[in-house]
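# Structure at a glance
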Amino acid sequence: MTDAGELRRRTHELLAAHPPASTDRLDFLRARFDAGLAWVHCPEGLGGLGAPRSLQAVVDEELAAAGAPDNDPRRIGIGLGMAAPTVLRYGTDEQKARFLRPLWTGEEVWCQLFSEPGAGSDLAALGTRAVRDGEDWVVDGQKVWTSSAHLARWAILIARTDPDAPKHAGITYFICDMTDPGVEVRPLRQITGEAEFNEVFLTGVRIPDDHRLGEVGDGWRVAQTTLMNERVSIGGMRLPREGGMIGPVAETWRERPGLRTHDLHQRLLKLWVEAEVSRLTAERLRQQLNAGQPGYEGSGMKLAFARLNQEISGLEVELRGEEGLLYDDWTMRRPELVDFTGRDAGYRYLRSKGNSIEGGTSEVLLNIVAERVLGLPAEPRTDKDVPWKDLAR
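By convention here, each chain's residues receive numbers from 1 onward along its written sequence. Confidence filtering applies because this is a predicted model: local features only for residues at pLDDT of at least 70, side-chain atom pairs given and counted only at 80 or more, and all residues used for totals across whole chains, interfaces and linings. The basis for every side-chain value is the complete set of non-hydrogen atoms in the structure, without hydrogens or water.

For the chain, an unreviewed UniProt entry supplies the name Acyl-CoA dehydrogenase and the organism Streptomyces bauhiniae. Its UniProt record gives the chain a comment under Cofactor (unreviewed entry), which states: "FAD". UniProt positions are given in the numbering used here, feature names are shortened, and annotations may be inferred rather than shown by experiment. The Sequence similarities (unreviewed entry) comment attached to the chain in UniProt states, word for word, "Belongs to the acyl-CoA dehydrogenase family."

### So, helix H2 (residues 25-34)
Residue exposure (1.4 Å probe, protein chains only): buried if accessible area is under 20% of the type maximum, exposed if over 50%, otherwise partly exposed. A run of H or I in DSSP becomes a helix once it reaches four residues, and a run of E becomes a strand once it reaches two; helices and strands are each numbered from the N terminus. Taken as a whole, H2 has its buried residues at Phe-28, Leu-29, Ala-31, Arg-32 and Phe-33. In what follows, a contact means two residues having at least one pair of non-hydrogen atoms within 4.5 Å. In the core, the buried residues of H2 are packed alongside helix H1 (4-17), helix H3 (56-65) and helix H5 (93-105). Under this definition, polar contacts are N or O atom pairs within 3.5 Å; protein pairs additionally need one hydrogen-donor-capable and one acceptor-capable atom, and for neighbouring residues in sequence, both atoms have to be side-chain atoms. Two or three places before Leu-26, at the start of H2, stands the capping residue Asp-24, its side-chain oxygen 3.1 Å from that residue's backbone nitrogen. Remark: Gly-36 follows H2 within two positions and exhibits a positive phi of approximately 80°.

### Focus: a negative patch on the surface
A cluster of acidic residues, Asp-93, Glu-94, Glu-135 and Asp-210, forms a negative patch at the surface. Turning to its location among the elements, Asp-210 is positioned in the loop between strand S7 (197-208) and strand S8 (212-213). For Asp-210, a relative accessible area of 53% corresponds to the exposed category. Each patch groups residues whose relative accessible area exceeds 30% and which form no salt bridge, using 9 Å between like charges and 5 Å between nonpolar side chains of Val, Leu, Ile, Met, Phe, Trp and Tyr. Note on areas: these come from Shrake-Rupley sampling with a 1.4 Å probe, and a residue is covered only by the protein chains present in the view. What makes a salt bridge here is a side-chain nitrogen of Lys or Arg within 4 Å of a carboxyl oxygen of Asp or Glu, nothing more. All tallies of charge rest on Lys and Arg as positive and Asp and Glu as negative; His and the ends of each chain are not included. We put the charge of a Lys on NZ, of an Arg on CZ, of an Asp on CG and of a Glu on CD.

### Side note on a nonpolar patch on the surface
On the surface, a nonpolar cluster with roughly 280 Å² of combined accessible area is contributed by Val-373, Leu-374 and Leu-376. Take Leu-376: it is sitting in the segment after helix H11 (362-373). The class of Leu-376 is partly exposed, set by a relative accessible area of 46%.

### As for the packing of aromatic side chains
Working definition: rings of Phe, Tyr and Trp (its six-membered ring) pair if their centres are within 6.5 Å, and the pair is stacked with planes under 30 degrees apart, edge-to-face with planes over 60 apart, and tilted otherwise. As enumerated under the stated definition, the model contains 9 aromatic pairs in all. Both rings, one in Phe-33 and one in Trp-39, keep their centres 6.4 Å apart while their planes meet at 70°; by these two values the pair is edge-to-face. On the basis of relative accessibility, which here comes to 5%, the residue Phe-33 falls in the buried class. Here the aromatic rings of Phe-99 and Trp-154 are separated by 5.0 Å at their centres, their planes lie at 80°, and the arrangement is edge-to-face. With Phe-99 in helix H5 and Trp-154 in strand S4 (residues 154-160), the pair connects residues that are 55 residues apart, well separated along the chain.

### Digging into the packing of H2 against H5
Every angle, taken between N-to-C directions, lies between 0 and 180 degrees, and every axis is a line fitted to C-alpha atoms, over only the stretch in contact when it is a helix. Where H2 contacts H5, the two axes come as close as 9 Å, and the packing angle between them is 135°. Overall, the two elements H2 and H5 adopt an arrangement that is oblique. Relative to H5, the crossing made by H2 is right-handed. For the pair formed by H2 and H5, the contact residues are Leu-26, Leu-29, Arg-30, Arg-32, Phe-33 and Asp-34 on the first element and Leu-100, Arg-101, Trp-104 and Thr-105 on the second. Should an angle lie under 35 degrees it is considered roughly parallel, over 145 roughly antiparallel, and from 65 to 115 roughly perpendicular; all remaining angles are considered oblique. Crossing handedness: left-handed means the near helix sits turned counterclockwise from the far one by under a right angle, and right-handed means the same turn made clockwise.

### Comments concerning unusual backbone geometry
Glycine aside, residues mostly have negative phi angles, and peptide bonds mostly take the trans form. Residue Ser-148 is not a glycine yet carries a positive backbone phi of 65°. Along the chain, Ser-148 falls in the loop between strand S3 (136-143) and S4. Of note, the phi angle at Glu-242 is positive, near 65°, even though the residue is not glycine. Overall, Glu-242 belongs to the partly exposed group, its relative accessible area being 23%.

### Let's talk about the UniProt feature "domain: Acyl-CoA dehydrogenase/oxidase N-terminal" (unreviewed entry) in the chain
Residues given the UniProt feature "domain: Acyl-CoA dehydrogenase/oxidase N-terminal" (unreviewed entry) here are residues 27-107. With 56% helix and 0% strand, residues 27-107 has end C-alpha atoms that lie 11 Å from one another.

### With respect to the pattern of salt bridges
Evaluation of the coordinates by the stated rule reveals 41 salt bridges. Here Asp-328 ties to Arg-343 by a salt bridge, and the two come within 2.9 Å at their closest N and O atoms. Residue Asp-328 is found in the loop between helix H9 (297-320) and helix H10 (345-351), and its partner Arg-343 is found in the loop between H9 and H10; the two are separated by 15 residues along the sequence. Here Arg-343 falls in the buried class, since its relative accessible area comes to 15%. Asp-329 is paired through a salt bridge with Arg-333; the nearest N and O atoms lie 2.7 Å apart. Judged by relative accessible area, Asp-329 falls into the partly exposed class, the value being 27%. Classification of Arg-333 by relative accessible area gives partly exposed; the value is 27%. Each of Glu-194, Asp-328, Asp-329, Arg-333 and Arg-343 takes part in salt bridges that share partners, so that together they form one network.

### Observations concerning the pairing of S3
Strand direction decides the pairing type here: strand S2 (residues 129-133) and S3, joined by 5 bridges, are antiparallel. By the bridge assignment for S3, Asp-133 is matched with Asp-136. For two strands to be treated as a pair, DSSP must find no fewer than two bridges joining them. As paired elements, S3 and S7 share 7 bridges and run antiparallel to each other. Paired with Asp-136 across the bridge in S7 is Pro-208.

Below, the structure is given as structure tokens:
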């Protein structure tokens with residue numbers, strides 16, 4: 001299944017059998033998944049046809065032209081960008097059949113239970129425990145900075161299963177049911193006034209062993225698949241020219257010439273070029289995905305994404321002058337997604353501060369790029385072979 005013409009034919013058959021104007025949105029998305037047109041590079045029966053990833057654009061263009069609904073990818077980004085690639089690579093046949101379809105259609109929202117109060121940048125130092133009890137694992141601990149936890153049905157979770165092993169070796173990867181009575185989600189109000197993040201407390205949460213991804217103790221390797229896909233999904237998202245943060249600034253510059261100064265002009269030109277270079281680099285990175293799993297280059301893209309967003313939003317506030325200091329709404333909300341371009345300049349400026357923390361701090365990503373991409377010597381580590389239980393905390 002590598003022919004664009006055949007994909008168009010199948011797409012037209014889907015549209016004829018399920019006209020978007022008269023078909024329920026969820027019914028259409030389910031039919032699209034079952035027809036193998038959800039993500040064409042996946043195996044047959046799992047929303048795909050085993051076609052090259054690059055041919056997804058053929059399907060998407062035909063469906064968009066017909067006015068077909070999408071699966072609201074921003075709302076379910078964690079499921080699409082992080083959980084799905086990990087389940088596809090490490091999941092059993094039963095896990096793939098159970099989780100991928102409702103994940104893609106958006107019937108079940110996912111979140112990520114990785115970071116902890118004492119294990120953020122040093123994620124492998126995590127202390128949430130999972131203890132085997134018959135056919136289940138009993139999990140106790142705390143996670144933090146969990147986007148969409150207040151909406152999620154499922155979570156990808158890493159927990160420590162062997163405290164006697166070095167910190168990277170004693171971790172196991174699970175799928176956690178967020179409706180379990182032992183799961184408590186509390187909002188974390190941010191500088192924007194919203195609480196899109198949460199802290200999650202796990203008390204005696206029972207996870208069946210058939211919800212484990214990968215082997216016991218191999219969770220760090222499984223998590224690397226999640227993390228590398230996360231950085232690509234954050235920093236390598238598909239955008240049109242002047243998409244993302246640079247768009248509102250360029251629009252303001254064109255429509256309000258009275259705000260212009262020579263200094264702001266020079267800064268805008270520099271950032272516009274950098275945003276376009278970043279956009280094209282992200283496109284090349286997505287093309288590289290056609291050949292396999294994402295590499296560490298995604299860390300570089302996520303670094304550029306964070307820096308550019310912060311610099312561009314700062315320029316926008318300066319460009320707007322006193323108006324840039326205004327803020328539209330401090331109401332405490334628990335949104336379903338982050339909308340950078342749907343709010344005002346003040347929101348973009350404040351929210352972009354989190355870009356250098358979420359999805360891997362910029363300092364950690366600089367180390368990854370230095371060691372894994374550029375081949376520079378690694379920093380000295382004294383904890384590499386020390387059992388986790390003996391580490392200072």
